[in-house]
Amino acid sequence: MAIDRRREAAGGGPGRLPPAAEENGALPPGDAAASAPLGGRAGPGGGGDIQPLPAPHAAGGTHPSLLLLDYDGSVLPFLGGLGGGYQKTLVLLTWIPALFIGFSQFSDSFLLDQPNFWCRGAGKGAESAGVTATGRWGGGDLANGTSPPTTPFPTAAWGTAGPLGNGSGADGGEAPPLPSPPDKGDNASNCDCHAWDYGIRTGLVQNVVSKWDLVCDNAWKVHVAKFSLLVGLIFGYLITGCIADWFGRRPVLLFSIIFILIFGLTVALSVNVTMFSTLRFFEGFCLAGVTLTLYALRIELCPPGKRFMITMVASFVTTAGQFLMPGLAALCRDWQVLQALIICPFLLMLLYWSIFPESLRWLMATHQFESAKKLILHFTQKNRMSPESDIKGVMPELEKELSRRPRKVCIVKVVGTRNLWKNIVVLCVNSLTGFGIHHCFARSMMGHEVKVPLLEDFYADYYAAAGIALVSCLAMCLAVRVLGRRGGLLLFMILTALASLLQLGLLNLIGKYSQHPDSGMSDSVKDKFSITFSIVGMFASHAVGSLSVFFCAEITPTVIRCGGLGLVLASAGFGMLTAPIIELHNQKGYFLHHVIFACCTLICIICLLLLPESRGQSLPESIPDGEHYTRQPLLPPRRGEQPLLPTHAELKDYSGLHDAAAAGDGRPDGATANGGRPM
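Residues numbered from 1 in each chain as written. Predicted model: local features only at pLDDT ≥ 70, side-chain atom pairs only at ≥ 80, totals over all residues. Heavy atoms only, no water.

Asks: Run through the packing of aromatic side chains, naming residues and quoting values.
Replies: Evaluation of the coordinates by the stated rule reveals 18 aromatic pairs. Their ring planes at 85° and their centres at 5.7 Å tell us that Tyr 462 and Tyr 463 sit as a pair that is edge-to-face. Tyr 462 gets classed as buried once you look at its relative accessible area, which sits at 6%. Linked through ring pairs, Phe 110, Phe 323, Phe 458, Tyr 459, Tyr 462 and Tyr 463 together constitute an aromatic cluster. For Arg 250, the ring lying beneath its charged end belongs to Trp 353, and the centroid distance is 5.3 Å. (Phe/Tyr/Trp six-rings, centres within 6.5 Å; stacked < 30°, edge-to-face > 60°. Buried < 20%, exposed > 50% of the residue type's maximum accessible area, 1.4 Å probe, protein only. Lys NZ or Arg CZ within 6 Å of the ring centre and 35° of its normal.)

Below, the structure is given as structure tokens:
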């Protein structure tokens with residue numbers, strides 16, 4: 001009886017059991033034929049497609065018209081696609097803030113850079129301060145936050161060209177000349193001082209470290225301040241993503257802008273490092289809301305063929321902000337002025353309140369058809385379109401659905417799905433691995449600055465990382481165009497795994513052979529190999545992280561897109577969070593950290609094969625849409641090759657067998673299934 005009730009509730013009648021969706025997302029033949037108008041368009045290269053959804057119930061049922069559900073096939077062409085002037089303006093408005101976001105994301109490199117320091121008066125011949133010879137600090141000497149005996153100096157090399165900053169106890173007189181750094185054996189004496197002089201390398205006269213003397217026993221506060229911004233970003237991605245799916249993208253964007261102005265400008269007025277770290281947490285929280293909503297709005301504005309390139313333009317703008325940051329620091333000279341200059345451009349985004357509308361795609365997906373109608377009329381007015389261009393009859397269908405109640409969904413609903421949650425989890429692990437192992441490669445490359453003169457300068461390190469990010473973005477454009485989303489992500493993950501494994505394994509082998517005098521290998525050969533693998537790893541891991549975020553934005557349904565993006569971006573934040581945590585523990589466990597992420601790359605390579613291909617496909621609007629993404633092979637089948645699974649045209653409906661079995665109860669005793677009697 002319970003089975004019959006479930007059959008009747010599914011609309012299949014008491015005599016038919018509705019077939020369940022296949023594990024790979026394929027639909028049963030009857031439902032596939034009934035939902036042919038929503039069939040996805042196969043992308044170039046034979047990628048997977050979005051399988052059509054079951055046909056909705058009759059008018060007045062629980063589902064709106066098929067025409068309104070097919071946003072990319074009916075509503076977006078009616079509005080002119082991306083060819084409309086108003087849509088182009090909105091896309092441009094999502095690119096401009098990417099520059100401000102780039103400033104904020106890379107501000108820690110300047111505000112919290114650990115400068116070279118020495119006891120005040122050491123440059124005037126005070127031998128008690130430990131300045132006895134012209135020593136040099138290696139790339140592995142890090143500030144110790146717990147005990148004075150270890151080296152209290154930062155990871156960078158000594159530079160004499162940087163500006164000289166004074167500690168908080170400066171008397172306002174002329175700055176003393178830059179002395180020679182002390183030997184490593186006398187570094188402990190520098191922690192016995194009560195005031196220090198600083199050699200800041202980032203173009204600033206004073207930063208947060210020199211402002212509050214965050215050296216020696218207080219050096220751990222620098223790392224806490226670093227990951228306060230990252231922790232704020234993580235919580236911001238998770239919380240604002242859920243709010244944006246429930247209340248809309250526009251309110252979250254506008255409130256995030258208001259509060260980032262409040263908290264960001266207050267950071268510049270901090271009176272101690274505790275206030276600074278606390279306010280940076282809230283600044284990161286609001287920055288996450290701005291970043292996430294702009295990313296989602298950018299994706300939802302574009303037709304299928306333009307999504308990736310428009311997203312990559314925003315990435316290039318963010319990278320431009322990374323390149324411009326040293327110039328801003330040199331221009332401001334003080335960390336408080338720099339912080340204010342980074343935040344003030346967000347004042348321009350207050351105009352978005354009257355310029356930027358809500359996401360029309362989200363309004364349609366959540367059945368807010370009355371608001372959607374007003375916005376469509378606004379689009380047609382801005383684009384100067386005639387109502388006669390509505391060939392498919394979108395507006396008449398919209399009029400019929402105005403009385404429908406909104407249906408909003410939270411990201412927690414993904415737990416009850418069969419395929420969608422797996423895709424999101426795979427991309428979260430990819431994002432975590434990509435951004436986490438990126439720090440391992442960066443530290444390995446910067447750790448050879450003692451022996452590579454090119455890496456002795458802060459600007460060389462900074463611009464090397466920015467240049468690698470730029471080249472990675474360019475390579476992503478080419479790889480995704482040729483291989484698609486899944487193929488490109490798989491390629492960069494394989495490169496990341498190879499660079500990591502070779503750096504961990506091959507370099508140890510070279511190190512053993514270099515100890516033999518007849519081997520012909522030296523430490524310089526090992527260092528060159530290490531730097532090469534580090535550059536390749538940084539290049540590939542940056543692409544892995546960026547592609548994972550974009551991939552998630554495409555395969556996550558519109559009703560929970562911000563929530564899915566929040567999960568993947570938060571995973572990326574956890575990956576980046578490992579860097580200040582390792583530094584806080586004075587690099588203890590760094591090798592194990594690299595080994596764990598190297599193992600994760602191998603797991604990710606296998607899991608990536610479970611993902612669908614989204615190139616050229618319509619964005620899924622509802623959770624059932626996201627469930628029916630299929631997993632296709634990376635390479636198209638050869639001509640004449642029999643596929644492993646039959647196509648929908650070859651599938652047959654065997655549902656009548658159940659009725660025949662039920663009717664067989666009236667057969668004579670001893671009759672077989674075909675009606676005959678046994679001998």
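Let's pick the thread back up.
Asks: Go over empty space enclosed by the protein, please, and point to the residues and values.
Replies: This structure, assessed with the given rule, holds four cavities of 30 Å³ or more. Approximately 120 Å³ is the volume attributed to the largest cavity. Forming the walls of the largest cavity are 15 residues, and the residues nearest its centre are Tyr 71, Glu 300, Leu 301, Leu 360 and Phe 379. At the level of elements, helix 4 (71–78), helix 5 (85–105), helix 10 (273–301) and helix 14 (360–365) are the ones that each hand at least two residues to the lining of the largest cavity. If one sorts the elements of the lining of the largest cavity by residue count, helix 10 sits on top with three residues. Here the lining of the largest cavity is built from residues that sort into ten nonpolar, two polar and three charged. (1 Å grid on protein atoms, 1.4 Å probe; cavity = no way out; pocket = protein on both sides within 12 Å on 5 of 7 lines; lining within 4 Å. Points joined across faces, edges and corners; volume = space filled by probe spheres on them. Helix = DSSP H or I, 4+ residues; strand = E, 2+ residues; numbered from the N terminus. Nonpolar A, V, L, I, M, F, W, Y, C, P; charged D, E, K, R; others polar.)

Asks: Go over the confidence of the model for the protein chain, please, and point to the residues and values.
Replies: Averaged over the protein chain, the pLDDT score is 74; the fraction of residues at 70 or greater is 66%. Residue range residues 5–60 is modelled with pLDDT below 50. Its contacts to residues more than four positions away, or to other chains, number 108 contacts. (pLDDT = per-residue confidence, 0-100. Contact = heavy atoms within 4.5 Å.)

Asks: Quick one: what's the story with the pattern of salt bridges, residue by residue and with numbers?
Replies: Inspection of every chain in the model, using the stated rule, returns eight salt bridges. Across the pair Arg 307 and Glu 554 runs a salt bridge whose closest N-O atoms are separated by 2.8 Å. Here Glu 554 lies in helix 19 (residues 523–555) and Arg 307 lies in helix 11 (residues 307–332), a separation of 247 residues in the sequence. Accessibility expressed as a relative area gives 1% for Arg 307, which makes it buried. A salt bridge links Arg 485 to Glu 554; its shortest N-O distance comes to 2.9 Å. (Salt bridge = Lys/Arg side-chain N within 4 Å of Asp/Glu carboxyl O.)

Asks: Any details on the environment of Ile 581? Residues and values, ideally.
Replies: Tracing the sequence through the fold places Ile 581 in helix 20 (residues 561–584). Exposure remark for Ile 581: the relative accessible area of 34% places this residue in the partly exposed category.

Asks: So what's going on with helix 9 (residues 249–267)? Residues and values would help.
Replies: If you check helix 9, its first and last C-alpha atoms are 26 Å apart, about what 19 residues at 1.5 Å a residue would give, namely 27 Å. Looking at helix 9, one finds that the buried residues are Arg 249, Val 252, Leu 253, Leu 254, Ser 256, Ile 257, Ile 260, Leu 261, Gly 264 and Val 267. (Expected span 1.5 Å × (residues − 1).)

Asks: Now, about the side chain of Asn 430: what can you tell me, with residues and values included?
Replies: Residue placement: Asn 430 occurs in helix 17 (residues 420–446). The class for Asn 430 is buried, based on a relative accessible area of 0%. The contacts of Asn 430, once residues within four sequence positions are left out, are Met 493, Val 544, Ser 548, Cys 604 and Leu 608.

Asks: Describe the side chain of Thr 578, with residues and values.
Replies: Here Thr 578 is to be found in helix 20. For Thr 578, a relative accessible area of 18% corresponds to the buried category. Here Gly 575 takes part through its backbone oxygen, which lies 2.6 Å from a polar atom of the side chain of Thr 578. Excluding anything up to four places from it in sequence, Thr 578 contacts Gly 436, His 593 and Phe 597. (Polar contact = N/O pair within 3.5 Å; in protein donor to acceptor, adjacent residues only side chain to side chain.)

Asks: If you had to explain the packing of helix 8 (residues 220–247) against helix 10 to someone new, which residues and values would you point to?
Replies: At a minimum axis separation of 6 Å, helix 8 and helix 10 run at an interaxial angle of 35°. Two packed elements cross with a definite hand, and for helix 8 against helix 10 that hand is right-handed. For the contact of helix 8 with helix 10, the per-class residue count stands at 15 nonpolar, ten polar and two charged. (Axes fitted to C-alpha atoms, helices over the stretch in contact; angles between N-to-C directions. Left-handed = near helix turned anticlockwise from the far one by under 90°.)

Asks: Can you break down unusual backbone geometry residue by residue, with the values?
Replies: The phi torsion at Arg 333 lies on the positive side, around 70°, for a residue other than glycine. Relative to the helices and strands, Arg 333 is located in the loop between helix 11 and helix 12 (335–343). If you check the backbone angles, His 367 has positive phi at about 65° while not being a glycine. Here His 367 is to be found in the loop between helix 14 and helix 15 (369–382). Relative accessible area serves as the criterion here: at 6%, His 367 is assigned to the buried category.

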